[in-house]
Every structure is written in structure tokens, then in C-alpha cells.
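Listed here are the chains, written in short residue letters.
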Amino acid sequence: MNRKITRRSAVALAAAAPVALATRGFAQSPIVIKFSHVVSPDAPKGKAALMFKQLAEKYTDGKVTVEVYPNSSLYKDKEELEALQLGSVQLLAPSISKFGPLGVKEFDVFDLPFLMSDDTHARQMMASPMIGELNKKLEDKTVTPVAYWDNGAHVYTANVPLIAPDDFRGLKMRIQGSKVLDAVARQLGAIPQIIAFGELYQALQTGVVDGEDNVPSNIWTQKFYDVQKYLTVSYHGRLTYSLITNKKFWDGLPADIRPGLDRAVKESTQFFNDTAAKDNAAALDEIKATGKVQMHVLTDAEKQAWIAALMPVHKEMQGRFGKDFIDRVYKESGFIPPQT
Ligand code: LMR
């Protein structure tokens, strides 16, 4: 009898061994999260990525290691999305204007010109129930959004002054990729060109494009002011990031890991939003202080002329998104279309 029990135990032990070994192996080697992004480590996203690393490693007691790859050093705009879906990286924070290649076109709607007038409205939009519906569409593409980061409003830079809508006529303008941004450039009589962020400095330097739009902290940390002569504070669009992960990876994380990561996500989101607001304000002053670009802040009257010139894009995009969808976005973002 004893012998029998011993044999049975031996079989059970043998069967359990690989599991035990695997568990022990897992306990000893941390889970690695590769976090790839395209901006400078000194830009708000770069700083927040490092903050996430610090918090994630702390809150998981070192069971997670985060490796941050800044400045497109691992992947460029489009490649990083493919890499995330393939599981080659676990975390990204791309601009939501770049989600088209994932097959989720709805995020382009947030590029409608002058849609989100300030930080409060932008954050209200991205926290609305509509976003939950859009998140599901991303999850269907194996991408899980865990947070939205608001990087503020866009300004334009170019090698000619951009004061009136007509000033864009004939210019080659770099866009991020969204179909709405393409329509905006065309509406202004410009020629849109999709260029990866990591290639933008050179494209501006060599004249592949004449201008671009971005947040001041990106213009500052990428030194675009070295290769552009004019900057217009137009605040015509927004830069929103989504902190995204691979759904299979995220759902498969052990139960004791997720709370620590969720906490790190929450705190780095707050850190990001605060940092972005501060850095973008400071960057405008820093760019001005270089004396390399001539800066112009649109007057109210000039801004009204831009809005009037760009409202046809809102109308045109009803064909792409449906009027009902756009009306819901107006409601959530507090946008009131001007009476014409
Ligand atoms: C851009 O491509 O212009 C920016 O969105 C880059 C970034 O991630 O801030």
C-alpha cells in the first residue's frame, strides 16, 4: 500500500515538475514590457514613459521591468503599431491621428479643425462614453487602450508666414496620416504628405515639405525651429495619445501584476497631463527666445477666418463618419458649429 502511494506520489510529482519549474522561473525572471515611442526623452511623452517605468517597477515589486525606447529607436510610426499587434512590443503611446492603418477610422474625427477649444473640453471628450465604444473597436484589432494622454493644442510651422488661410496655397505640408488632416490640408490649397515623425526634421531641412503642425514641446525638443522660419499659434487641432498595449499580453498578465500596473497607468496619466500643459507653455517661450523663428499669435478676427475656411471639412467628413456620429462628437466636446 505504502509502495503504491509512493509510486502515485512520484507520478504526481513528475507531472507537476514542469509547472513548478515554470512558476519558479517566472518568479525569478521579471516580465519585460517594451515601451516604444517616437519623441525625445525630454518631451512630455518621453518623461511620462520614464515615470511609468519607475512606477510600474515599484508597484509590482520588481516583477515587471519596463524598457523604454525613445526617438523611434525601435520602430517608427506605422511599424510600431504592427509590432504591437505582433507582440514584439507591449506598450506604445501613439497619436490617435495615426490609428487609420489599424482599420479603425473613427479616431480621425478628433482632428476636425477647432473641435476641442481647450484642455477641459478635450479631456471631457476623451473621458466620454463614446470613447468606450471606440476602445472596443481597437480591442477587436487586438489593441487595448489603457489611457488617453492629452498633449494640448497644435501650432503651425513653415518657411513662410501663415496668417491667412490663403497662405497655405501650394505649400507641401506634413501630416500625421489621418484622413481628416489630409482634407484640412487640401481645403487650404496645400499638398499633404504623410511623413513619420522620426523623419520629419530631415524632411523640413531638405525641403521635402515646407511646413507641419505640432505641439510646441515637440517643436522644441526636436529642434524644428532650426529648420523652420515661422510659427503660428493657431491652436486649430489637438494632439491626443492613447497608451495602448497588446490585448493578449495584457489579458494574460498574472493577477498579482495587474493592480500595480493599473496604478502606474493612472498616476503616469496624471503626470503626463500636468507635464504636457507646463512643457508646451514653456516651449513656446523657449522657441521664441532662440530668435530663430518669427512667431505670430492669430488674432480673433484671423482665427474666425480660419474657422470659416475650414468648416467645409466638417461638412465633407459627414460623408466619412455620418452626421449622427459627428453630432455626438460635437456634443461631447462642447463644439458649437458657427452659424453661416
Ligand atoms: C507627430 O507625429 O507629429 C507627433 O504626433 C509625434 C508624437 O508622438 O508626439
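Comments concerning the site of the ligand
Neighbouring the ligand are V38, V39, K45, S95, K98, R174, Q176, F197, N214, N218, L239 and Y241. One of the side-chain N or O atoms of K98 is found 2.7 Å from an oxygen atom in the ligand. Separating an oxygen atom of the ligand from a side-chain N or O atom of R174 is a distance of 2.7 Å. When isolated, the ligand has an accessible area of 260 Å², and the protein chains bury 100% of it.

Examining the sheet that holds strand β1 (residues 31-36)
Each strand in a sheet pairs with another by means of backbone hydrogen bonds, the pair being arranged parallel or else antiparallel. Spatial strand order, β2-β1-β3-β10-β4: 5 strands in an open sheet with mixed pairing. Two strands close off the open sheet at either side, each with one partner strand: β2 (64-69) and β4 (143-153). Lying on the sheet, helix α2 (residues 44-59) is in contact with β1, β2, β3 (91-92), β4 and β10 (238-246); it crosses β2 at an angle near 165°. Along the sheet, helix α3 (residues 77-86) makes contact with β1, β3, β4 and β10, crossing β10 at roughly 25°.

Thoughts on the nonpolar core
Counting residues in each nonpolar core, the largest one holds 51 residues, and the members touching the most others are F107, F110 and L112. Residue assignment for this core shows that the elements contributing at least two residues are α3, α4 (119-126), α5 (129-139), β4, β5 (155-158), α6 (179-187), α11 (300-316) and α13 (323-333). In terms of residue count, the dominant contributor to this core is α11 (5 residues). Beyond its immediate chain neighbours, meaning those up to four positions away, F110 contacts I96, L115, M116, M125, M126, I131, L134 and V329. If you look at the next biggest cluster of nonpolar residues, it comprises 47 residues, including V66, L243, A264 and L284.

Focus on the environment of L188
Mapped onto the elements of the fold, L188 is located in the loop between α6 and β7 (191-194). Exposure remark for L188: the relative accessible area of 4% places this residue in the buried category. Through-space distance from the C-alpha of L188 to that of L50 is 39 Å; in sequence the pair is 138 residues apart. Not counting residues within four places of it along the chain, the set of residues in contact with L188 comprises Y156, P165, F168, R169 and L310.

Describing empty space enclosed by the protein
Gaps left between atoms are located by rolling a probe of water-molecule size over the structure's atoms. Counted according to the given criterion, the structure contains 5 cavities of 30 Å³ or more. One number sums up the size of the largest cavity: a volume of about 110 Å³. As for the largest cavity, its lining consists of 15 residues, of which K98, Q176, F197, N218 and L239 are closest to the centre. Along the lines of polarity and charge, the residues of the lining of the largest cavity split into 6 nonpolar, 5 polar and 4 charged.

About the thresholds
Starting from 1, residues in each chain are numbered consecutively following that chain's sequence as written. Local features are withheld for residues below a pLDDT of 70 in this predicted model, meaning they are given only at 70 or higher, and side-chain atom pairs are given and counted only at 80 or more; totals for whole chains, interfaces and linings count all residues. The basis for every side-chain value is the complete set of non-hydrogen atoms in the structure, without hydrogens or water. To be near a molecule or strand, a residue needs just one of its heavy atoms within 4 Å of it. The definition of a polar contact used here is a pair of N or O atoms within 3.5 Å, where within protein one atom must be able to donate a hydrogen and the other to accept one, and adjacent residues in sequence count solely through side-chain atom pairs. Reported accessibility uses the Shrake-Rupley method at a 1.4 Å probe radius. Residues are deemed covered only where the shown protein chains occlude them. Any two strands between which DSSP finds at least two bridges are classified as paired. In DSSP terms, a helix is any run of H or I states spanning at least four residues, a strand is any run of E spanning at least two, and both are numbered starting from the N terminus. Any pair of residues with heavy atoms lying within 4.5 Å of one another is described as a contacting pair. Here an axis means a line fitted to C-alpha atoms, over the contact stretch when the element is a helix, while the angle between two N-to-C directions is reported on a 0 to 180 degree scale. Definition used in this section: a nonpolar core is a set of buried Ala, Val, Leu, Ile, Met, Phe, Trp, Tyr and Cys residues joined via side-chain atoms within 4.5 Å. Think of it in three bands: with a 1.4 Å probe and only protein chains considered, a residue is buried below 20% of the maximum accessible area for its type, exposed above 50%, and partly exposed in between. Grid points spaced at 1 Å and placed over the protein atoms alone form the basis of the search, with a cavity being a set where a 1.4 Å probe fits but cannot get out and a pocket an open set showing protein on both sides within 12 Å along at least five of seven lines. Lining residues have an atom within 4 Å of a point. Grid points are joined across faces, edges and corners, and a volume is the space filled by probe spheres set on the points. Each residue is assigned to one of three groups, with Ala, Val, Leu, Ile, Met, Phe, Trp, Tyr, Cys and Pro labelled nonpolar, Asp, Glu, Lys and Arg labelled charged, and all others, Gly among them, labelled polar.

The quantities given are spatial measurements derived from coordinates; they are silent on function.
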